[in-house]
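A look at the structure
One-letter residues, chain by chain:
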Amino acid sequence: MAVSQLNGVKVWQRRDRAKQLKIWFGYFIAVTIFMVCWKYMSDRTIWIFVWDAPTQAIDIATRMVPPKWGYINSLWGVIWDTINIATLGTVIAIFLAVPTAFCAARNTTPSVRFVRPIALFIIVSSRSINSLIWALILVAILGPGVVAGIIAIGLRSIGFCAKLLYEAIEEIEPTQVEAITATGAGRLQVLAYGIVPQILPAFAGISVFRWDINIRESTILGYVGAGGIGLHLSASIDNLVWTQVSIILMVIIVTVIVSEWVSAKVRHSII
Amino acid sequence: MLRLDSLSKRYQTGDLALSNVTLEVPDSQVMALIGPSGAGKSTLIRCINRLVEPTEGTITLNGQELTSLNSSKLRLARRHMGMIFQEYALVERLSVMENVLSGRLGFVGFWRSYFRKFPQSDVDEAFRLLERVGLDHMVDKRADELSGGQRQRVGICRALIQDPNILLIDEPTASLDPKTSRQIMRLICELCKERKLSAIINIHDVMLAQMFAQRIVGLQMGEIVYDGPPNEITPDVLTKIYGEEDWEATIETVDEDDDENVDEPEQVKDEHHPGIDRDRMSGLT
Ligand SMILES: Nc1ncnc2c1ncn2[C@@H]1O[C@H](COP(=O)(O)OP(=O)(O)OP(=O)(O)O)[C@@H](O)[C@H]1O
Ligand SMILES: [Mg+2]
C-alpha cells in the first residue's frame, strides 16, 4: 500500500521499503533459529540408534505376524467399554457445552462483562488440557476405571463443543430472532423458535463429529488406567507380545473407520 | 390510534436517525412512509414496537404509552402489533404452519408452544389465513422452500394471526418483482380494510405507495417533510423528500380506480393457486 512519486510518476508497490526490509529480516531470524535448533538436536541424538531404526522396525513388524487371532475374543469387552467411554463422555460434554455456549455467544449471553469471560475461560481450559492429562488426574482422584475415562473425555470435549456451538450461535440471522421477538414471545420462546432451529444442524454436526474424535481418544485412555482397549495395548507392548499388539491395532483401526462412517452418515442426513 | 410525540432516536454511533417526529395515525388508516435510504423509516417503525429503543419522545397506541413499558408489559403490548419484514424474516427451518403459528407465541405458554400444542382456535385461524393468501396447499413445506412472494404471504399470515391493532411493515416488496409487489401490496391493503387495521408501510416505490395508501408521509434526514394524500405528490414534493431529479415519470397519474380494474385478473391467477374465490374467502376472515 505504498504510493511514491518517482520522476512525477505515481509508483505503487505492495509494501513500502521499511516494511519490506522488516519482512526479510523476519525470514532471516526464522531460518537462523531453525538452523541453531537443528544443530542442537543433532548433537544430542545418538545416531547409532537412529541408523538402527529401520532394522528394529522390520524386526517388530515380523514379530507382529501372524496376529494371534484368538486373542480378539478377550477384546470384545474392552471395545464395548471404549465405545461407551466415548459416547457417555460426549453426552456429558454436550449437556454442559450447550449452556456454556449460550453464555459465551455475544448475542445470547446474559452479561458480556461478567458471564461471557467465565464461559470463555471454561472453554479455553477444557480445550487446553489433553484428555490423557485429564485422565491421569482423574485416575488419581477416582481410582482407575471407566468412570475416570468418561469424565476425562467429557471434560475435554466441553470446550470443543461449546466453542463451535457458540460460533454457530453468533452467526445466526438476527432478523429471524427479531421477528419472533416482535410477536410478543417470551425469552424462552424466542430461544426455542428463533434461535434453536437456526443452530440445530450445527449442533448435530458438532455432536457426532466430537463423538467420532472421542472414539479415537478413548482408545488411548487405558494407558493411564482409565479403562478401554488402551490397557490391553499397554500390557501387550510391555510384555512384548507383538502378535497381540497387531490384533489390537487392527481392532482400533476398524472401530475408528466404523465410527467415522457412522458420523459421516449422520451428519449427511441432518444437514 | 397511534401517536408519536416528538420522537427522537440517536444511535450509539452518533447518527441522529429521527429528530422530533410527531405523527398521528388514526384507526384503519393505511399510511405509506417514503424517503431516501437512511432517512430513518426503519428506525421509526422499529421504535414503535421497540425493537429499537427511542431516545426521546413518547409513543401511544390506543391510549397506552409504549415508551415507558417495562419488559414484561412491552411483551404484552407487542402482541397487538404485527410486523412484516423486507426479507420476510421467516424462521427458515420451520414449516409454513409453524411460522404462522409463531405469531401466537405471545398468547400461549412456553411448553405448549415448545410441543407445538397450539389451541385449536389458533390452528383454525392459521388455516383460514393461509387459505386467504392462497397458500393452504403449502402448510407442511419448510419456509426455505418457498419463493419470495410466497414467503411474504406467510409473513403476512404470521402478523395477522396475532390479531393486531396495527401493522408495521418494513419494505414488504423490496425483494419482489413488480407484479408480485402489487399483489402483496393489494393483499395487505385488502386485509387491512377487512379487519379495520391501521398500517405503516415503509416503501421505496412511490408509485406503489400512491396506488395503495390513503396517506403518504415523506421522511428526510429523520424529519417529516411531507404529510398528505397520495394525489398531492408533485415533483416538487419528491424533490423535497429525495432531492433534485426528474420526477415526472415516477408519479402515478392514472386514475386509481382504473388501475384496480386493470390489475384485477392478476390477483386471481395467483402463482400456484388459480382461481381462488376471493369473495368467499374474505367472508371467512
Ligand atoms: N443499528 C444501527 N446502529 C447505528 N446506526 C444505525 C443503525 N441502524 C440505522 N442506523 C442509522 O440510522 C439512520 C437511519 O437508518 P434507517 O435504517 O432507519 O433508514 P431507512 O430509512 O430505513 O433506510 P433504507 O431505506 O435504506 O432502509 C441511518 O443513518 C443509519 O446509518
Ligand atoms: Mg430500512
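Residues numbered from 1 in each chain as written. Chains lettered and ligands numbered in written order. Predicted model: local features only at pLDDT ≥ 70, side-chain atom pairs only at ≥ 80, totals over all residues.

1. Details of the overall build of chain A
Using the following cut-off: Helix and strand definitions here come from DSSP, where helices need a minimum of 4 consecutive H or I residues and strands a minimum of 2 consecutive E residues; each element is numbered from the N-terminal end. Radius of gyration here uses only the C-alpha atoms, and the compact-globule reference equals 2.2 Å multiplied by the residue count raised to the power 0.38. Whether a residue is buried, exposed or partly exposed follows from its count of other C-beta atoms within 10 Å of its own C-beta, namely 20 or more, 12 or fewer, or something in between, respectively; the C-beta atoms are built from the backbone.
Across its full length, chain A carries 10 helices and two strands. Counting from the amino terminus, chain A carries its helices and strands in the arrangement β-β-α-α-α-α-α-α-α-α-α-α. Its C-alpha atoms give chain A a radius of gyration of 26 Å, clearly above 18 Å, the size a compact globule of 271 residues would have. Dimensions of chain A, computed from C-alpha atoms along their principal axes, come out at roughly 75 × 65 × 35 Å. Scored against the burial criterion, the 271 residues of chain A give a buried share of 34%.

2. Observations concerning the overall build of chain B
Where we set the bar: C-beta atoms are first placed from the backbone for all residues, and any pair lying within 7 Å is then listed as a contact.
From N to C terminus, chain B includes 11 helices and 12 strands. A buried classification covers 44% of the 285 residues belonging to chain B. Across chain B, contacts joining residues at least 24 apart in sequence account for 70% of those joining residues at least 6 apart.

3. Let's talk about the interface of chain B and chain A
Every contact between the two is made by 21 residues of chain B and, on the other side, 19 residues of chain A. Among the elements of the structure, α2 (71-78) and α4 (110-114) of chain B are those that each provide at least two residues to the side of chain B that touches chain A.

4. Observations regarding the site of ligand 1
Residue and element names in this part refer to chain B. Basically, it comes down to this: Any residue whose C-beta atom, as set from the backbone, lies within 6 Å of a molecule or strand is reported as near that molecule or strand. Gly falls in the polar group here, along with every residue not listed as nonpolar (Ala, Val, Leu, Ile, Met, Phe, Trp, Tyr, Cys, Pro) or charged (Asp, Glu, Lys, Arg).
Lining the immediate environment of ligand 1, one finds Tyr11, Thr13, Asp15, Ala17, Gly35, Ser37, Gly38, Ala39, Gly40, Lys41, Ser42 and Thr43. A per-element tally of the shell around ligand 1 places helix α1 (residues 41-48) first, with three residues. Tallied by class, residues from the shell around ligand 1 come to three nonpolar, seven polar and two charged.

5. Let's talk about helix α9 (residues 235-242) of chain B
Residue and element names in this part refer to chain B. What counts, and what does not: Working definition: the arc comes from the directions between the helix axis and the C-beta atoms, pointing outward to the latter.
Taken as a whole, α9 has its buried residues at Leu238, Ile241 and Tyr242. For α9, the arc enclosing every buried residue in end-on projection is 75°, short of the 170-degree limit, so these residues lie on one face. If you follow the buried residues of α9, they end up packed against β3 (30-34), α8 (206-212), β9 (215-220) and β10 (223-228). Phi turns positive one or two residues past the end of α9, at Gly243, with a value near 110°.

6. Section: the domain arrangement of chain A
Convention followed: Just so you know, the domain bounds were taken from an automatic or database domain assignment.
Entries for chain A in the domain assignment read domain 1 (2-64) and domain 2 (71-270). When each unit is reduced to the centre of its C-alpha atoms, the spacing between domain 1 of chain A and domain 2 of chain A is 36 Å.

7. Some words on unusual backbone geometry
For residues that are not glycine, phi is negative in most cases, and the peptide bond is trans in most cases. Residues and elements named next belong to chain B. One non-glycine residue with positive phi stands out, namely Ser28, at about 50°. Topologically, Ser28 is positioned in the loop between β2 (16-25) and β3. Phi at Tyr88 takes a positive value of approximately 65°, unusual for a residue other than glycine. Take Tyr88: there are 26 C-beta atoms within 10 Å of it, and that puts it in the buried class.

8. A short note on the nonpolar core
Heads up, the rule is: The term nonpolar core means buried Ala, Val, Leu, Ile, Met, Phe, Trp, Tyr and Cys residues held together as one set by C-beta atoms within 7 Å.
Among the nonpolar cores identified, the biggest contains 126 residues, and Ala152(A), Leu165(A), Val100(B), Cys157(B) and Ala199(B) are the most heavily contacted of them. Here the element with the most residues in this core is helix α6 (residues 146-170) of chain A; it accounts for 12 residues. Ile229(A), Leu233(A), Val245(A) and Ile252(A) belong to the second largest nonpolar core, which has eight residues in total.

9. Notes on the pairing of β10(B)
Residue and element names in this part refer to chain B. Counted only if it meets this: Should DSSP find at least two bridges between two strands, the strands are regarded as paired.
As paired strands, β9 and β10 are joined by five bridges and run antiparallel to one another. Looking across to β10, one finds that Val217 is bridged to Asp227. Counting the residues in the hairpin turn of β9 and β10 gives two residues, including Met221, whose phi is positive at 50°.

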